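So the chains spell out like this:
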Amino acid sequence: MDLDHFLRDPQSRRRFFCMSGMSVGGASAAFLGACSDDTKNPVRLGPDESDQADVEILNGVLDLEFLAVAAYKAGAGRLRGSRLEIVKGFLEQEQEHADGLSGAIKDLDGTPNRPKSTYDFPVLRSESDVLRFAIDLENTAIAAYIDALPKFSDKDLRSMAASIITNEAEHVSVLLDALGREPVPDAFVNGKAA
Amino acid sequence: MAASGSAVAIFDGGVTSSGEIAAFERDRRELLRRGFGLGGAAVLASSIPLLWSVRSAFAEAGGDGDAPILARAINLERVSVIAYDTLIGGAFMTPALGGALRRFRAHEQEHEDALVTALTSLGGTPPAPPQGVADVDKVVDGLRDVRSRADVLTFLIELETAAVAAYFDAHAKFGEAKLLQMGASIMANEGQHLVILRKAAGQDPVPNAFETGET
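Quick caveat, the model's predicted, so the values are computed rather than measured.

The rules we used
Residues numbered from 1 in each chain as written. Chains lettered and ligands numbered in written order. Predicted model: local features only at pLDDT ≥ 70, side-chain atom pairs only at ≥ 80, totals over all residues. Helix = DSSP H or I, 4+ residues; strand = E, 2+ residues; numbered from the N terminus. Buried ≥ 20, exposed ≤ 12 C-beta atoms within 10 Å, placed from the backbone. Contact = placed C-beta atoms within 7 Å. Nonpolar A, V, L, I, M, F, W, Y, C, P; charged D, E, K, R; others polar. Axes fitted to C-alpha atoms, helices over the stretch in contact; angles between N-to-C directions. Parallel < 35°, antiparallel > 145°, perpendicular 65-115°, else oblique. Left-handed = near helix turned anticlockwise from the far one by under 90°. Core = buried A, V, L, I, M, F, W, Y, C linked by C-beta atoms within 7 Å. Expected span 1.5 Å × (residues − 1).

Caption draft 1: Structural detail: the overall build of chain B. Regarding its fold elements, chain B presents seven helices and zero strands. Moving toward the C terminus, one meets the helices and strands of chain B in the order α-α-α-α-α-α-α. Within chain B, buried positions represent 53% of all 215 residues. Restricting the contact set of chain B to residue pairs at least 6 apart, pairs at least 24 apart contribute 76%.

Given below as structure tokens:
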């Protein structure tokens with residue numbers, strides 16, 4: 001699939017994220033409504049949220065991290081010089097997120113999801129395509145984490161999610177800058193601004 | 001002399017400096033004098049007392065619902081606006097840096113406006129506005145010591161790092177879902193400010209996979 005078509009077409013994006021292994025449990029509507037449409041439900045905090053619900057949410061965002069790792073690996077082959085170094089650094093940080101989330105899931109006696117063997121990425125023909133696709137993935141991850149944030153029953157998980165959101169937002173700034181675009185376009189980063 | 005953030009409360013009503021922190025700060029200033037101000041080790045060291053005080057301040061904000069946290073966040077954003085205004089008008093600005101700082105200043109103002117709206121909607125009253133550089137000193141000391149472009153960047157990196165740390169801790173305290181989400185969106189924006197400031201200072205713009213306000 002052509003990247004421009006992918007980025008313009010919400011249905012293509014939704015299909016891609018659903019097909020890429022996004023697990024959406026009952027407690028996780030964390031993907032911009034990508035695989036379900038219960039994001040309009042009011043979010044409630046409280047002690048009745050179980051560890052199992054946290055595990056489901058964690059596995060949902062873990063899938064996104066695996067996707068990001070795979071995307072950066074795939075995109076790195078098209079990059080050279082400073083842009084390649086940027087992506088290599090971000091790849092390592094996405095892997096750190098995945099490792100952290102897997103550890104949190106195990107701490108809750110859950111079983112972490114595993115990455116898919118393949119991902120059906122859009123066709124990336126140029127360095128610019130790689131960076132634009134990376135921005136889209138990062139923004140999707142930010143939106144997912146922000147959606148998931150109040151659903152965590154464990155306060156430490158909320159803090160961890162906030163620290164990952166901020167890191168992904170930093171990635172977006174660097175990627176925008178590499179494309180010659182305004183690196184900090186909005187006062188509020190919610191993943192919905194491209 | 002490089003700008004430096006001493007260990008003081010980031011929010012009004014927070015902790016005050018301790019002897020331990022003051023001693024640490026003396027050591028840090030010595031490092032800065034010796035030219036390590038922008039080095040990784042010194043930056044790492046610089047964050048320790050500051051973040052300690054930030055987190056203690058949030059601990060004092062606990063137990064009273066979301067309104068006290070919002071009030072302290074409003075003060076932080078107002079102080080940031082004052083700091084940016086002071087530095088933008090200084091003598092060390094290049095056009096590019098000045099433009100970036102004006103945008104960041106506008107972002108801090110947007111944060112403040114949203115936080116005031118949120119606090120008001122909870123029936124709270126916004127805190128009294130900070131009065132100037134003296135109130136900035138209560139968050140990050142050193143604004144008066146800025147003498148160069150490098151000082152500007154060092155000071156702002158500390159200020160923005162303190163903001164990230166404050167919002168990071170707020171996530172364990174906010175009760176309202178929408179406040180959690182707003183806090184995250186602001187924290188992420190402060191992180192993006194850090195990217196630009198670090199890059200301008202010759203530092204790694206994204207040094208940590210988990211941005212908690214510690215470097």
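Here the narrative resumes, following the displayed structure.
Caption draft 2: Representation of the interface of chain A and chain B. Listed by partner, the interface residues are 32 residues for chain A and 30 residues for chain B. Sorting the residues of the side of chain A that touches chain B by element identifies α4 (81–107), α5 (127–148) and α6 (155–178) of chain A as the ones contributing at least two each. A total of 15 residues in the side of chain A that touches chain B trace back to one element, the largest contributor, which is α6 of chain A. Looking at side-chain class alone, the side of chain A that touches chain B contains 17 nonpolar, 11 polar and four charged residues.

Caption draft 3: The arrangement of the packing of helix α6 (residues 149–170) of chain B against helix α7 (residues 177–200) of chain B in detail. Residue and element names in this part refer to chain B. Two elements in contact, α6 and α7, have axes whose closest approach is 9 Å; the angle formed by their N-to-C orientations is 155°. Considered as vectors, α6 and α7 are oriented roughly antiparallel to each other. Every pair of crossing elements has a handedness; the one defined by α6 and α7 is left-handed. Where α6 approaches α7, its residues Leu-153, Leu-156, Ile-157, Glu-160, Thr-161, Ala-163, Val-164, Tyr-167, Phe-168 and Ala-170 are matched on the opposing element by Gly-183, Ile-186, Met-187, Glu-190, Gly-191, His-193, Leu-194, Leu-197, Arg-198 and Ala-200. Within the contact of α6 with α7, the residues separate by chemical class into 13 nonpolar, four polar and three charged.

Caption draft 4: Structural context of the environment of Ala-166 of chain B. With respect to the helices and strands, the residue Ala-166 of chain B is situated in helix α6. Remark: the alpha-carbon pair of Ala-166 of chain B and Leu-76 of chain B, spanning 90 residues in sequence, is separated by 9.0 Å.

Caption draft 5: Broad picture of the nonpolar core. In terms of nonpolar packing, the biggest core is built from 103 residues, with Val-61, Ala-134, Ile-142, Tyr-145, Leu-149, Ala-161 and Ile-165 of chain A touching the most fellow members. At the level of elements, α3 (51–76), α4, α5 and α6 of chain A together with α3 (66–88), α4 (95–121), α6 and α7 of chain B are the ones that each hand at least two residues to this core. In terms of residue count, α6 of chain B provides more of this core than any other element does, 14 residues in total. With sequence-adjacent residues up to four places away left out, Leu-149 of chain A is seen in contact with Arg-158, Ala-161 and Ala-162 of chain A together with Leu-180, Gln-181 and Ala-184 of chain B.

Caption draft 6: Representation of α6 of chain B. An ideal rise of 1.5 Å per residue puts 32 Å on 22 residues; α6 of chain B measures up with 32 Å between its terminal C-alpha atoms. Counted residue by residue, α6 of chain B has 20 buried out of 22 residues, so it is predominantly covered.

Caption draft 7: Representation of unusual backbone geometry within the structure. One non-glycine residue, Asp-109 of chain A, adopts positive backbone phi at about 65°. Taking the C-beta count within 10 Å as the criterion, Asp-109 of chain A has 9 such neighbours and is therefore assigned exposed.

Caption draft 8: Structural context of the packing of α3 of chain A against α5 of chain A. All names here are of chain A. Taken N-terminus to C-terminus, the directions of α3 and α5 make an angle of 170°; their axes are 10 Å apart at the nearest point. Comparing their axes, α5 and α3 come out roughly antiparallel. Contact with α3, carried on its side by Ile-57, Gly-60, Val-61, Leu-64, Leu-67, Ala-68, Ala-71, Tyr-72 and Gly-75, involves Val-130, Phe-133, Ala-134, Leu-137, Thr-140, Ala-141, Ala-144, Tyr-145 and Ala-148 of α5 and no other residues of that element. Among the residues making up the contact of α3 with α5, the classes are represented as 15 nonpolar, three polar and no charged.

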